Amino acid sequence: MTENLHPRSRLVHDAIRAAGIEGDIVVLPDAASTAPLAAAALGVEVGAIANSLVFWSDGAPLLVMTSGAHRVDTTALAARLGRGDIVRATAEQVREATGQAIGGVAPAGHPSRLTTVVDEDLAQYDEIWAAGGTPHTVFPMTYDQLVALTGGTVTKVD
């Protein structure tokens, strides 16, 4: 099955398998580059979509895995984490940090491990869905698997 995946999605597949996540990467017929689009394509609540948002803080990328039902309050998040300003990364910074394009950034499969924050509100869902390396790919997992996969710090993000 992985031979038909985009090379970026194959990297994600390998990373999630190495982490013991058994969910398969699903190729969607249309791009689902936003949480509402992904939720509609999968028939799930928008809050069960784990958005992968890349920010820049203290001179380095910061991956924030947030519920599709939330917007990140960067000022409050910076204060909670004891960081300087948190600003949205540019498309070039996202590609450099993750090897993936905006709208398809997965929580794993990056050139190197990213400092990651995981939205505590994702814990309310038995199954969550994240991008699989491209805007056309997604995969399911549990909240605990997301935290373990990313090594993320769990906190409120909105």
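Predicted model, so just to flag it, every value in this text is computed and none were measured. (Residues numbered from 1 in each chain as written. Predicted model: local features only at pLDDT ≥ 70, side-chain atom pairs only at ≥ 80, totals over all residues. Heavy atoms only, no water.)

## Remarks on helix α4 (residues 91-98)
- For α4, the complete set of buried residues consists of Val94, Ala97 and Thr98. Across the axial projection of α4, the buried residues extend over an arc of 80 degrees, all falling on one side. Opposite the buried face of α4, at more than 90 degrees from it, the exposed residues are Glu92 and Glu96.
- Lining the buried residues of α4 we find β2 (49-57) and β3 (60-67).
- Looking at the residues trailing α4, positive phi occurs at Gly99, about 75 degrees. (Buried < 20%, exposed > 50% of the residue type's maximum accessible area, 1.4 Å probe, protein only. Helix = DSSP H or I, 4+ residues; strand = E, 2+ residues; numbered from the N terminus. Arc of directions from axis to C-beta. Contact = heavy atoms within 4.5 Å.)

## Description of the pairing of β2
- Of all 9 residues that make up β2, 8 are buried, and the element is covered over most of its length.
- For β2 and strand β6 (residues 128-131), the ladder comprises 2 bridges, and the chain directions are parallel. Paired with Ile49 across the strands is Trp129, a residue of β6.
- Where β2 lies against β3, 8 bridges are found, and the strand directions are antiparallel. Following the sheet pairing, Ala50 is matched in β3 by Ser67. (Pairing = 2+ DSSP bridges.)

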